[in-house]
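Remarks on the overall topology
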Amino acid sequence: MKTLIVVDMQNDFIDGSLGTREAQEIVPKVKEKIKEYQERGDEIIFTRDTHQSDYLSTPEGKKLPVEHCIEGTKGWEIAEGLEVPGCSCINKPTFGWTHWSERNFEEIELCGLCTDICVVSNALILKAEFPDVEITVDATCCAGVTPESHEAALTAMKMCQIQVIGE
């Protein structure tokens, strides 16, 4: 079984406090990708960047002083129309989820936001935890903080033997 990990496709990263045009542009492609996995009966996991109301006083909040993805807010929610029946959600308090080792994977594909922060973090953690599992990132279903940092993250992932498709 293949697993699609949809990273942080949340309102704040798409058209909210940290949204970008590039993030908005990938939403239809991500929706198509999710539909493909759903139709095959494959596993779909969403991650949600999850912060609390004290975010600005945290180490991350001091370096990125923009409130975003505060649990329970509209900005924290997965973009409308992406979640599907049978999917699961992981609330992660930081860039990369550090509990992937509690799961089993045969093949993994990642997509989502932001290529240069949370996608690359999770891809590298997964590669370290599951070195024999094929891990793919679809560049057409990802967007970075900037187009340049998106490309840099794709390059870094390729250097770490993560397959990048759709370039």
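Below is a summary of the structure that appears in this document. (Residues numbered from 1 in each chain as written. Predicted model: local features only at pLDDT ≥ 70, side-chain atom pairs only at ≥ 80, totals over all residues. Heavy atoms only, no water.)

1. Looking at the overall build of the protein chain
Helix and strand counts for the protein chain stand at five helices and six strands. Counting helices and strands in the order they occur from the N terminus, the protein chain gives β-α-α-β-α-β-β-α-β-α-β. For 167 residues, the compact-globule formula gives about 15 Å, and the C-alpha radius of gyration of the protein chain, at 15 Å, lands near that figure. Taken along the three principal axes of its C-alpha coordinates, the protein chain extends 40 × 35 × 30 Å. (Helix = DSSP H or I, 4+ residues; strand = E, 2+ residues; numbered from the N terminus. Rg over C-alpha atoms; globule rule 2.2 N^0.38 Å.)

2. Digging into unusual backbone geometry
For the bond running from Leu113 to Cys114, omega is -20°, close enough to zero to count as cis. For Cys69, which is not glycine, the phi dihedral falls at a positive 50°. With respect to the helices, strands and loops of the structure, Cys69 is situated in the loop between α3 (59-63) and β3 (88-92). Residue Cys69 is classed as buried on the basis of its relative accessible area, which comes to 0%. Positioned with a positive phi, Gln161 is a non-glycine residue whose angle comes to about 65°. Mapping Gln161 onto the fold places it in the loop between α5 (147-159) and β6 (163-165). (Buried < 20%, exposed > 50% of the residue type's maximum accessible area, 1.4 Å probe, protein only.)

3. Side note on the sheet that holds β6
With parallel pairing, six strands are arranged side by side in an open sheet as β3-β2-β1-β4-β5-β6. Every interior strand has two partners, whereas the edge strands, β3 and β6, have only one. With strand direction ignored, the average angle separating the axes of adjacent strands in the sheet is 25°. Two elements, strand β5 (residues 134-143) and β6, share three bridges in a ladder whose sense is parallel. Residue pairing for β6: Val137 is matched across the bridge by Val164. Helix α4 (residues 115-129) rests against β1 (2-7), β3, β4 (107-113) and β5 of the sheet, and its axis sits at about 165° to β4. Together, β5 and β6 form the strand contacts of α5, whose direction differs from that of β5 by roughly 170°. (Pairing = 2+ DSSP bridges. Axes fitted to C-alpha atoms, helices over the stretch in contact; angles between N-to-C directions. Contact = heavy atoms within 4.5 Å.)

4. Observations regarding the nonpolar core
In terms of nonpolar packing, the biggest core is built from 25 residues, with Trp100, Leu110, Leu126, Val137 and Met157 touching the most fellow members. Secondary-structure elements contributing two or more residues to this core are β1, β4, α4, β5 and α5. Counting residues per element, this core draws most heavily on α4, at five residues. Leaving out residues up to four positions away in the same chain, Trp100 has contacts with Ile5, Ile45, Thr47, Ile90, Phe105, Asn122, Ile125, Leu126 and Phe130. (Core = buried A, V, L, I, M, F, W, Y, C linked by side-chain atoms within 4.5 Å.)

5. Things to note about the pairing of β4
Most of β4 sits out of view: six of its seven residues are buried. In this structure, β1 lies alongside β4, joined through six bridges in parallel fashion. Looking at the pairing, Val6 lines up with Cys111 of β4. Examined bridge by bridge, β4 and β5 share six bridges and lie parallel to one another.

6. Considerations on the packing of aromatic side chains
A complete count under the given rule lists two aromatic pairs for this structure. Note on Phe105 and Phe130: the rings are 5.2 Å apart at their centroids and 90° apart in plane angle, and the pair reads as edge-to-face. With Phe105 in the loop between β3 and β4 and Phe130 in the loop between α4 and β5, this pair connects stretches of sequence that are 25 residues apart. Phe130 carries the same exposure label as Phe105, and that label is buried. Joined through ring pairs, the aromatic side chains of Trp100, Phe105 and Phe130 make up one cluster. (Phe/Tyr/Trp six-rings, centres within 6.5 Å; stacked < 30°, edge-to-face > 60°.)

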